[in-house]
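Each chain is listed here by its residues.
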Amino acid sequence: MPDLGAVTNGRLLFGGDYNPEQWPEETWHEDVRLMKDAGVNTVTLGVFSWAKLEPRPGERDFGWLDRLMDLMHENGIGVVLATPTSSPPPWMGHLHPDTLPVDQDGRTEWWGGRQHFSHSSAVYRRYAAAITEDLAARYGGHPALTLWHINNEYCTYDWGPEAAARFRDWLRDRYGTLDGLNEAWGTAFWSQGYGDWAEVHTPRHAHYLKNPAQVLDFKRFTSDMLLECYLAERDIVRRHTPHLPVTTNFMPLWVGQDAWRWVEEEDVVSVDLYPDPRDPLGAQSGALVQDMTRSQARGPWMLMEQAAGPVNWRGVNHPKPRGLNRLWSLQAVARGADAVCYFQWRQSRQGAEKFHSGMVSHAGERGRTYQEVKRLGAELARISGEVTGRHTVGDIAVLHDWHSWWAGSHEGRLSTQVDYAQVLTAWHRALWEAQLATDFAHPEHDLTAYKLVVVPQLYSLGDAAIENLLAYVRGGGTLVSGFLTGVADEDDRVRAGGMDSRLRELFGIRTLHEWWPLDAGESVECDGFRGTLWSEEIEKDEEATTEAAFKGGELDGLPAVLRKGRTRYLATLPDSGDLRALLAGIAAEAGVRPVLNGLPAGVEAVRRGELLFVLNHSRESVRVEVPGTHHDLLTGATVTDELTLDRYGVVVLRP
Ligand code: GAL
């Protein structure tokens, strides 16, 4: 299968979403001049062009796109061509209201925004296939075309009648019979037994707590329906252009798509990433998504969208201070990105996102944003040849699974303070701050290459995943698990004893008596640290040792950190610095070293192949020790043993 290498040809891609249909044609020529000056070598066309391409049902207007494709080609700019299927034209909803999604309260989501399509609508799918077919036939042979971009950030839910019919089919495939469904959903509870498939619905607005297994299956179904939409379009473009790779852009750590499943169907993994410039942990949240995307890609990946300045969808939207766009772009490159792209090239003057930045802001060519973009383009070109195709490798695997996230988020859980994404982020942050290089992995992946595996929280685990964890530890691996792991099976049925018996045996938990969740802002004292969010009344077995105990209160003396063999179980979430110290200690024991020792706060080191990226996320200038002699690819300077990094400064060192 073609991959990202077929697109990059040894260059880092630099560019972004280009929406020229919003501009007169004179502006296109101005755009091309500015693009070339900035080293832009790729643009994504057509993401929201459906109404322009198909102004009336079945009609086609390709003339403008023909001219653009030619213009890009003449100027040496590659085109990532999107199928426009995320925002259907108004005529579709008008003529076919059944193509519009319905929310759980039965309200229709009308056109006038975007992503107003029902993934289950046969009519929508037919129109989407037809426009995809015609685009692929027309442009498949165009020399500007480098990559297909299917739809955009698949993210629609639908509780409507057609979705309900598809849900029933999906459930029939999964369970075979109504007995199977009733058993898996535990419908004996609250008189929910289904006697006819026609009674089964999407989990619509209900009087009180919904059946969690039904909600879980609805989330699985939604991810699968969106995937079906993607696959239908992917297969069409592949038929026309088997030599060209295909992608669809993920939202960062988005709850709705089982990305581990999706990436099996992509040639290139791409993601959109928008950390808040004001967030003191913006660099870490970026690092998390970059680590995850790289792990999904198992190699170089594409930063499909980021913002050159402010976004316009937060309550308060801050610009990027001078240097931050460069820093975060190079952070992505350090973590394996072979493409640094933006939403969007030129900031719009109309429409819902006119206050969202572009690479060319309203201030135009002289504006700071474009000037910084231009400098970055030149720098990326300089390091391109040394960087592309090289691998960034994590030493530690952080386990993550969407199904477990979905199952663990049910309404009737013991604490709504426990938020899966926040727990995952807290563990990643601890490793990030300890300068430990991390990958993400699915609990059923082959983990044998990792000396250390951590499980922030996997509430539900199937037998295959549990056996995988046991085999990993038997094979000599070190495993650290957070609380609320292995509680339920794949149907969200609580395991006997409140936690899977094989895992209890592995971690040294004889009896799990009670969970003691903590209130917001509450913490619990433990030996050497403070725990947050959660505590547990655990009775350990003889082989386990209490490495840290709860102090005071009901749980006084009971294990907060339990050790057995090469495993640890954490019955609480230590404060951030404490979790960092704990994991750093365990990593050292397991033979995992930080990328670089002794870095000042806010400075991050990342290895990509033999290159060492050192990134200063702080606003202070810092001295950094980098033992040995290196060549800085960005400046051409020789660096021996130490260097100074200005605020937001970066070096890319080759030995
Ligand atoms: C993404 C989307 C873009 C644009 C951007 C704004 O979610 O794919 O089209 O809306 O956000 O930040």
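What counts, and at which threshold
Residues take numbers from 1 onward in each chain, read along the sequence in its written order. Only residues with pLDDT of at least 70 are given local features in this predicted model, and only at 80 or more are side-chain atom pairs given and counted; all residues enter the totals for whole chains, interfaces and linings. Think of the side-chain values as coming from all heavy atoms in the structure, minus any hydrogens and water. Helix and strand assignments follow DSSP, with helices taken as H or I runs no shorter than four residues and strands as E runs no shorter than two, numbered in order from the N terminus. For every residue, the accessible area (1.4 Å probe, protein chains only) is compared with the maximum for its type, and the residue is labelled buried under 20%, exposed over 50%, or partly exposed between those bounds. By definition in these notes, contact holds between two residues if any of their heavy atoms fall within 4.5 Å. Throughout, the Shrake-Rupley method with a 1.4 Å probe supplies accessible areas, and for residues the shown protein chains are the sole cover considered. Counted charges follow a simple rule, with Lys and Arg positive, Asp and Glu negative, and His plus the chain ends left uncounted. Where a charge sits is defined by one atom per residue type, namely NZ (Lys), CZ (Arg), CG (Asp) or CD (Glu). If even one non-hydrogen atom of a residue comes within 4 Å of a molecule or strand, that residue is called near it. In protein, a polar contact means a hydrogen-donor-capable atom and an acceptor-capable atom, both N or O and within 3.5 Å, with residues adjacent in sequence counting only if both atoms are side-chain atoms; elsewhere, any N or O pair within 3.5 Å suffices. Residue polarity follows a fixed list, in which Ala, Val, Leu, Ile, Met, Phe, Trp, Tyr, Cys and Pro are nonpolar, Asp, Glu, Lys and Arg are charged, and the others, Gly among them, are polar. One bridge is not enough; two strands pair if DSSP finds at least two bridges between them. Lines fitted to the C-alpha atoms define the axes, with helices restricted to the stretch that makes contact. Angles between their N-to-C directions range from 0 to 180 degrees. Of the grid points, spaced at 1 Å and generated over the protein atoms alone, those admitting a 1.4 Å probe that cannot get out make up cavities, while open sets with protein on both sides within 12 Å along at least five of seven lines make up pockets; any residue with an atom within 4 Å of a point is treated as lining. Grid points are joined across faces, edges and corners, and a volume is the space filled by probe spheres set on the points. A domain assignment, automatic or from a database, supplies the domain bounds used here. A side-chain nitrogen of Lys or Arg and a carboxyl oxygen of Asp or Glu constitute a salt bridge if their distance falls within 4 Å.

1. Notes on the overall build of the protein
Right, so step 1: Helix and strand counts for the protein stand at 18 helices and 26 strands.
Right, so step 2: Burial status across the protein gives 59% buried among its 655 residues.
Right, so step 3: In the protein, the proportion of contacts linking residues at least 24 apart, taken out of those at least 6 apart, comes to 71%.
Right, so step 4: By element, 49% of the accessible surface of the protein is carried by carbon and sulfur atoms, the whole surface being about 25300 Å².
Right, so step 5: Between the averaged position of the 65 positive side-chain charges in the protein and that of its 91 negative side-chain charges there is a distance of 5 Å.

2. Focus: the site of the ligand
Right, so step 1: Around the ligand, the neighbouring residues are F48, R114, N152, E153, D272, Y274, E305, W313, F343, E353 and H356.
Right, so step 2: In the model, an oxygen atom of the ligand is placed 2.8 Å from a nitrogen or oxygen of the R114 side chain.
Right, so step 3: Between the ligand and E153, the relevant distance is 2.4 Å, taken from an oxygen atom to a side-chain nitrogen or oxygen of the residue.
Right, so step 4: Burial of the ligand by the surrounding chains reaches 95%, relative to a free accessible area of 310 Å².
Right, so step 5: Split into classes, the residues belonging to the shell around the ligand amount to four nonpolar, two polar and five charged.

3. Observations regarding the sheet that holds strand β26 (residues 650-654)
Right, so step 1: Spatial ordering of the open sheet is given by β22-β23-β26-β24-β25, a layout of five strands whose pairing is antiparallel. The outermost strands of the open sheet, each flanked by one partner alone, are β22 (603-608) and β25 (638-645). Averaged over all pairs of adjacent strands, the angle between strand axes in this sheet comes to 25 degrees, irrespective of strand direction.
Right, so step 2: With two bridges connecting them, strand β24 (residues 622-632) and β26 associate as antiparallel partners. Each residue of the ladder has a partner; that of H631, found in β26, is R654.

4. Focus on empty space enclosed by the protein
Right, so step 1: Tallied over the full model, the rule gives three cavities of 30 Å³ or more.
Right, so step 2: Empty space within the largest cavity amounts to approximately 100 Å³.
Right, so step 3: With four residues, helix α11 (residues 282-297) is the largest single contributor of residues to the lining of the largest cavity.
Right, so step 4: Space inside the second largest cavity adds up to approximately 70 Å³.
Right, so step 5: In this structure, the second largest cavity is lined by 14 residues; those nearest its centre are P275, P277, V311, R314 and H318.
Right, so step 6: Considered class by class, the residues forming the lining of the second largest cavity number eight nonpolar, three polar and three charged.

5. Looking at the side chain of S361
Right, so step 1: Relative to the elements of secondary structure, S361 occurs in the loop between β9 (337-342) and α13 (368-387).
Right, so step 2: Among the residues examined, S361 registers a relative accessible area of 15% and is labelled buried.
Right, so step 3: Apart from the residues within four sequence positions on either side, S361 is in contact with Q347 and T369.

6. Brief notes about the layout of surface pockets
Right, so step 1: Here the largest pocket is characterised by a volume of approximately 840 Å³.
Right, so step 2: Looking at the largest pocket, it is lined by 37 residues, and the ones nearest its centre are P212, H410, G412, Y459 and D492.
Right, so step 3: When contributions to the lining of the largest pocket are tallied by element, the ones reaching two or more residues are α8 (178-185), α9 (212-240) and α14 (402-408).
Right, so step 4: Considering each element in turn, the lining of the largest pocket owes the most residues, four residues, to α9.
Right, so step 5: Within the lining of the largest pocket, the residues separate by chemical class into 18 nonpolar, ten polar and nine charged.

7. Section: the domain arrangement of the protein
Right, so step 1: We note that the domain assignment places domain 1 (396-589) and domain 2 (603-654) within the protein.
Right, so step 2: Averaged C-alpha coordinates put domain 1 and domain 2 at centres separated by 35 Å.

8. Examining the sheet that holds strand β15 (residues 523-526)
Right, so step 1: With respect to topology, three strands assemble into an open sheet ordered β15-β16-β21, the strand pairing being antiparallel. Whereas interior strands pair on both sides, the edge strands pair on one side only; in this sheet they are β15 and β21 (573-574).
Right, so step 2: In this sheet, strand β16 (residues 529-532) lies alongside β15 in antiparallel orientation, the contact comprising four bridges. In the sheet register, E525 faces β16, and the bridge partner there is R530.

9. Thoughts on the pattern of salt bridges
Right, so step 1: Counting across every chain of the model gives 54 salt bridges.
Right, so step 2: As a salt-bridge pair, R33 and E30 come within 3.4 Å of each other at their nearest N and O atoms. Taken together, the positions of R33 and E30, both in helix α2 (residues 25-37) and three residues apart, correspond to about one turn of that helix.
Right, so step 3: Overall, E30 belongs to the partly exposed group, its relative accessible area being 31%.
Right, so step 4: Each of R234, D235, R261, E264 and E265 takes part in one network of salt bridges that share partners.

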